Amino acid sequence: MSNIVSALNNKAYADGIAEVREIGLQGMITLRGDLASSAVKSAATSVTGVKMPAPGHANSDGQHGICWMSPDELLVLCPYDAVADTLEKMGKSLAKAHALYVDVSDARAVFELSGPHAREVLAKLVPVDLSPAAFTSGMFRRSRMAQIPAAFWLHAPDSFRIVTFRSNAQYAFDLLKVAAQPGSEVGYFKG
Amino acid sequence: MLILTCPCCGVTGEETEFHAGGEAHLKRFGPGSSEDQFEEYLFMRENPKGVHFERWRHVNGCGKWFHAARNTVTLEVYGTYAAQTHEPPADLRDKITEKVPGWTWREFQ
């Protein structure tokens, strides 16, 4: 059996003002359909154990979670090893619904950006108001990070999870590393 | 810099998160139309100094298309509305009239 690795194989950078880490293998399933339908909702919630998020929000608990991607799309998070089982379970609940569910784990890369300056580091790269008052825990935002699409949410206080396309992983890592270089604190959010 | 609000996902972002998709409310003419109609559809575009209607796509967000009404001189965005319509909504037109009395754009005013 081949050795499955994530895009950057858990590469990390800890010498800057925030820690950047590729979190390695994370199961991700795209679920598209009518998000108002109970079949789609229960397909997502029953396999993850978290509640259905409001538009623009994400609910996550460890490796499980549901992210609201667009009015007809969710990103369902689960442990990498559990993807096949999860897909099978979702298939059963969605048997009669018009919906699409597909494994995208190997098509994405997930980064963790953590530390007291994490907000500042990310705010340098995305055109989004990341002040503690505007971007709060539970919110989920798809935007761009310099030249690439990226989606992110606060997984824990001062700790962002950032999802990018796998083919952009090295670019995203380099970008975060430069934005986190030592001595580059802005101090804007600290008052 | 334009600040647009996507009517599909409700996110307010600046223009680099979106992508412009050309003029709004084009009437399509295909097989069976006259050459003048086809030329009009294919090449003739508004180039107004003032009120303008465009299609935009939330390309780095939810990926949906929508319409936007804006001013090409002041860069003010009057509002955004769903893509599934043939004309700007009445309340948006009233709002523009308040700010730019007597505006016209193609058959709309």
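Refer to the structure above for everything that follows.
Residues numbered from 1 in each chain as written. Chains lettered and ligands numbered in written order. Predicted model: local features only at pLDDT ≥ 70, side-chain atom pairs only at ≥ 80, totals over all residues. Heavy atoms only, no water.

Enquirer: Just checking my understanding: could you explain the pairing of strand S8 (residues 108–114) of chain A for this structure?
Expert: On any regular strand, side chains alternate: one points to one face of the sheet, the next to the other face. Residue and element names in this part refer to chain A. Judged by how many residues are buried, S8 sits mostly within the fold: seven of seven residues are covered. Of the two faces of S8, both are covered, the one formed by Arg 108, Val 110, Glu 112 and Ser 114 as well as the one formed by Ala 109, Phe 111 and Leu 113. Strand direction decides the pairing type here: strand S2 (residues 19–22) and S8, joined by four bridges, are antiparallel. The residue of S8 that forms the bridge with Arg 21 is Glu 112. Pairing of S8 with strand S11 (residues 159–165), which is carried by seven bridges, proceeds in the antiparallel orientation. Across the sheet, Leu 113 pairs through a bridge with Phe 160, a residue of S11. (Buried < 20%, exposed > 50% of the residue type's maximum accessible area, 1.4 Å probe, protein only. Helix = DSSP H or I, 4+ residues; strand = E, 2+ residues; numbered from the N terminus. Pairing = 2+ DSSP bridges.)

Enquirer: Just to check I follow, could you spell out the sheet that holds strand S4 (residues 58–61) of chain A for this structure?
Expert: Hydrogen bonds between backbone atoms are what pair the strands of a sheet, whose relative direction is either parallel or antiparallel. All names here are of chain A. Read across the sheet, five strands follow the order S4-S5-S6-S3-S7 without closing on themselves; strand pairing throughout is antiparallel. Whereas interior strands pair on both sides, the edge strands pair on one side only; in this sheet they are S4 and strand S7 (99–103). In this sheet, neighbouring strand axes are inclined to one another by 20° on average, regardless of whether the strands run parallel or antiparallel. In this structure, strand S5 (residues 64–70) lies alongside strand S6 (residues 73–78), joined through five bridges in antiparallel fashion. Of the residues in S6, the one forming a bridge with Gly 65 is Leu 77. Sheet strands in contact with helix H1 (residues 38–48) are strand S3 (27–33), S5, S6 and S7, and its direction is about 150° off that of S5. Along the sheet, helix H2 (residues 83–93) makes contact with S3, S6 and S7, crossing S3 at roughly 20°. (Axes fitted to C-alpha atoms, helices over the stretch in contact; angles between N-to-C directions. Contact = heavy atoms within 4.5 Å.)

Enquirer: How do you make sense of the environment of Pro 157 of chain A when you look at a structure like this?
Expert: Assignment of secondary structure puts Pro 157 of chain A in the loop between strand S10 (148–156) and S11. Taking the C-alpha atoms as reference points, Pro 157 of chain A and Gly 115 of chain A, separated by 42 residues in sequence, lie 9.0 Å from one another.

Enquirer: Is there a simple way to think about a negative patch on the surface in this case?
Expert: On the surface, a cluster of negative charge is contributed by Glu 35, Asp 36, Glu 39, Glu 40 and Glu 46 of chain B. Assignment of secondary structure puts Glu 46 of chain B in the loop between helix H1 (35–43) and strand S4 (51–57). (Patch = residues over 30% accessible without salt bridge, like charges linked within 9 Å, V, L, I, M, F, W, Y side chains within 5 Å. Areas by Shrake-Rupley, 256 points an atom, 1.4 Å probe, with all protein chains shown as cover. Salt bridge = Lys/Arg side-chain N within 4 Å of Asp/Glu carboxyl O. Lys, Arg positive; Asp, Glu negative; His and termini not counted. Charge placed at Lys NZ, Arg CZ, Asp CG, Glu CD.)

Enquirer: Can you walk me through the interface of chain B and chain A in this structure?
Expert: Interface extent is often summarised as the accessible area lost during association of the parts. Taken together, the contacts link twelve residues of chain B with 13 residues of chain A. On the chain B side of the contact with chain A, Glu 17, Asn 60 and Lys 64 of chain B bury the most area, a combined 45% of that side's loss. Put simply, chain B and chain A have three salt bridges between them. Put simply, Asp 72 of chain A and Lys 64 of chain B hold a salt bridge, and the shortest N to O gap is 3.0 Å. Inspection of the region where chain B meets chain A yields six residue pairs in polar contact (both at pLDDT 80 or more). (Buried area = accessible area lost by both parts, 1.4 Å probe. Polar contact = N/O pair within 3.5 Å; in protein donor to acceptor, adjacent residues only side chain to side chain.)

Enquirer: Looking at this model, I keep getting lost on the packing of aromatic side chains. Mind explaining?
Expert: We describe a pair of aromatic rings using the distance from one ring centre to the other and the angle between the two ring planes. A complete count under the given rule lists eleven aromatic pairs over all chains for this structure. Residues Phe 135 of chain A and Phe 152 of chain A carry aromatic rings whose centres are separated by 5.5 Å and whose planes lie at 45° to one another, so their mutual orientation is tilted. In this pair, Phe 135 of chain A is assigned in the loop between helix H3 (118–123) and strand S9 (140–145) and Phe 152 of chain A in strand S10, connecting sequence segments 17 residues apart. With 6.2 Å between their ring centres and 5° between their planes, Trp 105 of chain B and Phe 108 of chain B make a pair best called stacked. With a relative accessible area of 1%, Trp 105 of chain B lands in the buried category. The exposure class assigned to Phe 108 of chain B is buried, which follows from its relative accessible area of 5%. Members of the aromatic cluster, connected to one another through ring pairs, are Phe 53, Trp 103, Trp 105 and Phe 108 of chain B. (Phe/Tyr/Trp six-rings, centres within 6.5 Å; stacked < 30°, edge-to-face > 60°.)

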